[in-house]
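Secondary and tertiary structure notes
The lines below spell out each chain.
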Amino acid sequence: MKKVKYLILGAGPAGLTFAHMLKKGGETSFLVLEKEAQAGGLCRSALVDGSPFDMGGGHFLDVKRPKVNEFLFSFLPRKEWKLFQRDSRIFIKGKSVGHPLETNIWQFDLEEQVAYLGSIARAGCNREDPVPEKFVDWIRWKLGEKIAEDYMLPYNRKMFGEDLNALGVYWLEKLPDVSFEQTLRSCLTHRACGTQPGHASFYYPREYGYGEVWLRMAGQLGERIRYNTAAQSLDCEERMVRTDTGEAIAAGTIVTTIPWREFRRISGMPAELIASIQKLRASAVETRYRRQRLDTPAQWIYVPDEEIPYHRILVRHNFCEGSRGYWTETRQERTCLFERQHETGDEKNGFDSGDNIFLNPYAYPLNTLGKPEIMKELLDYCAGKGIYGLGRWGEHCHYNSDVVVELAMNLAERLAE
Ligand SMILES: Cc1cc2nc3c(=O)[nH]c(=O)nc-3n(C[C@H](O)[C@H](O)[C@H](O)COP(=O)(O)OP(=O)(O)OC[C@H]3O[C@@H](n4cnc5c(N)ncnc54)[C@H](O)[C@@H]3O)c2cc1C
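I will try to describe carefully the structure that is included in this document. (Residues numbered from 1 in each chain as written. Predicted model: local features only at pLDDT ≥ 70, side-chain atom pairs only at ≥ 80, totals over all residues. Heavy atoms only, no water.)

What follows concerns helix α3 (residues 110-121). The periodicity of an α-helix, 3.6 residues per turn, causes residues three or four places apart in sequence to face the same way. Taking 1.5 Å per residue, twelve residues should reach 16 Å; α3 reaches 16 Å between its end C-alpha atoms and fits that length. Among the residues making up α3, those that are buried are E112, Q113, Y116, L117, S119 and I120. Burial along α3 is one-sided: seen end-on, the buried residues are contained in an arc of 160°. Across from the buried face of α3, at angles greater than 90 degrees, the exposed residues are L110 and E111. Where α3 is buried, its residues contact β7 (88-92), α4 (135-160) and α5 (180-189). (Helix = DSSP H or I, 4+ residues; strand = E, 2+ residues; numbered from the N terminus. Expected span 1.5 Å × (residues − 1). Buried < 20%, exposed > 50% of the residue type's maximum accessible area, 1.4 Å probe, protein only. Arc of directions from axis to C-beta. Contact = heavy atoms within 4.5 Å.)

Structure representation (structure tokens):
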């Protein structure tokens, strides 16, 4: 049996950052196992139609965490990134409106504006109703019936699945927080008021896709990453992992960034905890390239219309220099709609059978009711055994890449102490 001091499962942003922190601290006894042939996880890019294509969906580096940005610039220098101001839109009722909707209602005609404003004024949060515990109720409570029905509920069904009632509300601080007064003010002044969503300013590589920075990080780790090797079973008592290549590797510390349900077998863990791992849910997303040029200045567009398969369009030629075309993101269960449109000859949504398609079986961890309790119990139990869940899948949270890099830095510093 092979033995290492640190075994890291997954060479996405979380695993790569953790490995680099070990390297920086002079550690030599560590190994990263990666299922795929390439590092980068959801942040990988491919070359499609002569330009980069982010296989896991549109990926942009937020400016909010300077320490993270500096760390990433040490692999892909700052001058190789371009800084953008966010321009995102929602395609709704046959028109393209700024995002978030609640600060851009003034872009609708007068009757629609009055209907939206009236609906927000009657929303639970403006009548001091108690905060609901379920996602669907919360959306109506916060944004009113009309934004819920026209945009938020259909869009979220497209992204996360039909059963939105399974979702909790503990993750909604990610949404822009706009008050009724700010919505009213934006209608009167014709400009967006209130807190803007994340990625208000962001970086994207000038010549490459977002995957380049992770490839460079992986390159510096050399043979410490073993590709095409999937972790299959976890023994918590022995702190040992078995791989699909038949190897057993024991470690002083295991850092796992892979989806918990990827383990076919877990031993040395209470049966109730193993059972609760089966309750963790995720959605799969397909990304698909189209060659057409879109007539819009937006970098991305949200599409709530449930008749259209995809939920988001990434307008590549507006953030990737010298490129053409765009790509779409579609939850896997909805991709059959593409085929149906093709069969019926309905090509208005740009279906093209020659397009490039990538499937991400794990794209969004679902924020189901009860998930925080499951994860707390699981992570606490494992930490007591020297096994740490890290990143989007290790912690089963909607973290962006800058967040997981920060978490990996913090965990490495904490363990070094
Ligand atoms: C559609 C979409 C858009 C996004 N947009 C942004 C954005 O604009 N900006 C941003 O910062 N973030 C964005 N994100 C989030 C970003 O993708 C994640 O934060 C980031 O990839 C998380 O890194 P990670 O290392 O935790 O997980 P991952 O990137 O998922 O990496 C996990 C790694 O584990 C490997 N693995 C899986 N199973 C096994 C196994 N059994 N054995 C060994 N290895 C295994 C995988 O192959 C992968 O390499 C977006 C995500 C999605 C889905």
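It is worth spelling out the pairing of strand β13 (residues 248-256) at this point. Counting buried residues in β13 gives eight out of nine residues, a clear majority hidden from the surface. By the bridge criterion, seven bridges tie strand β1 (residues 2-9) to β13 in an arrangement that is parallel. Bridge pairing links L9 to T256 in β13. Hairpin geometry of strand β12 (residues 240-243) and β13 is characterised by an intervening segment of four residues between the two adjacent antiparallel strands and by a positive phi of about 90° at G246. Across three bridges, β13 lies against strand β20 (residues 387-389) in parallel orientation. In the strand pairing of β20, I254 is matched with I387. (Pairing = 2+ DSSP bridges.)

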